[in-house]
Each structure stands twice: as C-alpha cells, then as structure tokens.
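Coordinates in review
Take a look at the letters that make up each chain.
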Amino acid sequence: MLSRLAGLSRPRTLALSAVPVVALLVVVGVAPLPYAVAQPGLTANVLGDYKDTPVITIKGAKVREPEGQLRMTTILATGPSADVDFGDVLDGWFRTDRAVLPRDSVYPAGQSDKEIQKHNTEEMVKSQNVAVDAALDQLGRPRDSVDVTLHLADVGGPSAGLLFALGIVDLLEGNGSGGDLTGGRDIAGTGTIEENGTVGEVGGVSLKTQAAARDGATVFLVPEAECADAQSELPSGMRLIPVRTLKDTISSLRALDKGGEVPSC
C-alpha cells in the first residue's frame, strides 16, 4: 500500500486517503450510536395542580394557601430504544439546550422501554414516600398524624424528592412565621431526598435550570455538589442556592425572604 502511494502525486495521494474517512463518516452518520440526547423537560408547581389534579393532597391537618411556587424540574431524553445518529450527536454538542450522554448513564443496560418505565415509576413512588417522611420529621409531626398523597403523572425517577418535601412543609407550616416558605417567589429546583433530610445529586442540572427559567422561576435550588454543572449554562437572572439537607434548604429560603445571608454557588 505504501509503496504504491509513494509513486502518486500529493493531490492524488490525499484524495485516495480521504476515501476511507468519507466512507466512515457516511456509515457513522446513518448508524445508531450508543448515546441519548437530552433537553429541558417539563416543570410542575408542587404547590398547585398538574393536569387538573393537586400535586399534594393533605388530610387531617389545616393546609395553607401559598402564593408562591415550588417548581420541580425534569429533563426530556431520547428513549433507550431510540436511534441516535451522528447528526443528532453533532447537533447536541453544539447546542446549549441539548446534552449528549452515554445511553448507559441514562438508562440501565439490557432493559426494555417498558421495564425502564416501570423502574422509573417505582423510583418516583419511593421518592414520594421518603419525601413525606422527611417533611413530617422536619416539622416534628408523627407519620400517622396526617394523610399526605402525592400525584404527579408522566414523570419518573427520584429527582423531585426535595421539592415534594418542601411543598409539604410550605402547605403545613410555611416559613414558620405566618408567611410562605417561598416568600411569594417562583422557586425551582431539583434533588433527591433521604428520610434524614439529606439532599442527593441528580444530574442534568444545566438543562433543568433552563427549563425553570423558561417557565418563570428566578431562583434554583441545586444539590451543592452540582453547583459547577448548574453554572455552566445558567440562564440570565437565575439565582442559584446550593443545598445539602432539607433543614438548611428551609433556612436558606427563610433568609432569602428576610433579605439575610443566603449561600451561593
């Protein structure tokens, strides 16, 4: 091969060398790749209704009527069986409102769409139950003192746990001084929640801040470890508040309302 190319002029050599590269790009351009493309998804105010149904329903206790919003955020990703080609990946790399992720980092390998949907639904239900426990523990109320039901269709996974817990706290107690925990603001955020109130990482935060800004939020609660990711494509006018636990999140929101010192990324 090398000896035959040595006798050709340089333009001819370059032209022949380019043939395999062009062929490879053509093949890659049409072949499915092991990636998922994500973009900002829906948001929902956990203090209000979603599809004509209250997101949080509480019985057995007096419930406040808050004026602000606590908006949970999501990302929308191509499904595990969707074909993502080179053009999709290239487009995602050059757009700030898209993210190209290894498919295995988004979905468990070897599972069907139906299996993954079932798994995500189970994770959401588990997250909702934990959020109720964390919120009532924060308020010092026994689990059997009130009946809390969470409704949010079409959304899976555990990343709304923090917002569910905050919503329950706001509906039952507000800021503890007769006002809203939100201070009347439109506040968005993300984060898993543990029964002890610990907030966990979720991924996709730079896309979620864009979804929040699109839907009117001006403050975003982000797991502290994901501050850098949230800052990478932060919409203009969006304020980030890093959080580690449900308790310190509530403290930060109270400080924000009173004009006190609030942590920042």
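Anyway, here's the lowdown on the structure attached to this text. Since the structure is predicted, the reported quantities are computational estimates derived from the model, not experimental observations.

Quick notes on the rules
- Residues numbered from 1 in each chain as written.
- Predicted model: local features only at pLDDT ≥ 70, side-chain atom pairs only at ≥ 80, totals over all residues.
- Heavy atoms only, no water.
- Helix = DSSP H or I, 4+ residues; strand = E, 2+ residues; numbered from the N terminus.
- Contact = heavy atoms within 4.5 Å.
- Areas by Shrake-Rupley, 256 points an atom, 1.4 Å probe, with all protein chains shown as cover.
- Buried < 20%, exposed > 50% of the residue type's maximum accessible area, 1.4 Å probe, protein only.
- Pairing = 2+ DSSP bridges.
- Expected span 1.5 Å × (residues − 1).
- Axes fitted to C-alpha atoms, helices over the stretch in contact; angles between N-to-C directions.
- Salt bridge = Lys/Arg side-chain N within 4 Å of Asp/Glu carboxyl O.

**Describing the overall build of the chain**
Within the chain, the secondary structure is distributed over nine helices and 12 strands. For the chain, restricting intrachain contacts to residue pairs at least 6 apart in sequence, the fraction spanning at least 24 positions comes to 74%. Per element, the accessible surface of the chain, about 13,800 Å² overall, is 51% carbon and sulfur.

**A word on the environment of Ile168**
Positionally, Ile168 belongs in helix α6 (residues 161-172). Exposure remark for Ile168: the relative accessible area of 0% places this residue in the buried category. Measuring from C-alpha to C-alpha, the distance between Ile168 and Leu150 comes to 9.6 Å, with 18 residues separating the pair along the chain. Residues contacting Ile168, with those up to four places away along its chain left out, are Ile56, Ile58, Ala131, Val132, Ala135, Val148 and Leu150.

**Remarks on the pairing of strand β1 (residues 35-45)**
Walk down a regular strand and you will see the side chains alternate between the two sheet faces. Across the 11 residues of β1, eight count as buried, placing the element largely inside the fold. Summarising the sheet, β1 and strand β5 (residues 69-77) pair through six bridges and their orientation is antiparallel. Within β5, the position partnered with Ala38 by the bridge is Ala77.

**Brief notes about α6**
A rise of 1.5 Å per residue sets the reference length of α6, with its 12 residues, at 16 Å; its end C-alpha atoms lie 17 Å apart and thus fit the reference within 8%. The buried fraction of α6 amounts to 12 of the 12 residues, a majority that puts the element mostly inside the structure. For α6, the complete set of buried residues consists of Gly161, Leu162, Leu163, Phe164, Ala165, Leu166, Gly167, Ile168, Val169, Asp170, Leu171 and Leu172. Downstream of α6 by a residue or two, Gly174 has a phi angle that is positive, lying close to 65 degrees.

**Here's the deal with the side chain of Gln210**
You can see Gln210 is positioned in helix α7 (residues 205-214). A relative accessible area of 16% places Gln210 in the buried class. Among residues more than four places away in sequence, those in contact with Gln210 are Pro40, Thr96, Asp97, Glu233 and Pro235.

**Remarks on the sheet that holds strand β11 (residues 219-223)**
Read from one edge to the other, the open sheet built from six strands follows the order β6-β1-β5-β8-β11-β12, with strand pairing classed as mixed. Pairing within the sheet leaves two strands with one partner each, and these edge strands are β6 (99-102) and β12 (239-243). Neighbouring strand axes in the sheet, compared pairwise and without regard to direction, differ in orientation by 35 degrees on average. Relative to strand β8 (residues 186-189), β5 runs parallel, the two being bridged by four bridges. Considered in β8, the bridge of Gln69 is made with Asp186. Where α7 meets the sheet, it contacts β1, β5, β6, β8, β11 and β12, and its direction lies at approximately 40 degrees from that of β1. In the packing of helix α9 (residues 246-258) onto the sheet, contacts are made with β8, β11 and β12, and the angle to β12 comes to roughly 145 degrees.

**Quick notes on the pattern of salt bridges**
All chains considered together, the criterion is met by 11 salt bridges. In this structure, the salt-bridge partner of Asp133 is Arg143, at a minimum N-O distance of 2.5 Å. Taken together, the residues span a long stretch of sequence, with Asp133 in helix α5 (residues 113-139) and Arg143 in the loop between α5 and β7 (147-150) at a distance of 10 residues. You can call Arg143 partly exposed: its relative accessible area is 39%. With a closest N to O distance of 4.0 Å, Glu224 and Arg244 form a salt bridge. Taken as a pair, Glu224 in the loop between β11 and α8 (227-232) and Arg244 in the loop between β12 and α9 lie far apart in primary sequence, 20 residues in all. We classify Glu224 as partly exposed; its relative accessible area is 42%. In the salt-bridge network here, residues are joined through shared partners; they are Arg64, Asp170 and Asp180.

These values are about where atoms sit, not about what they do.
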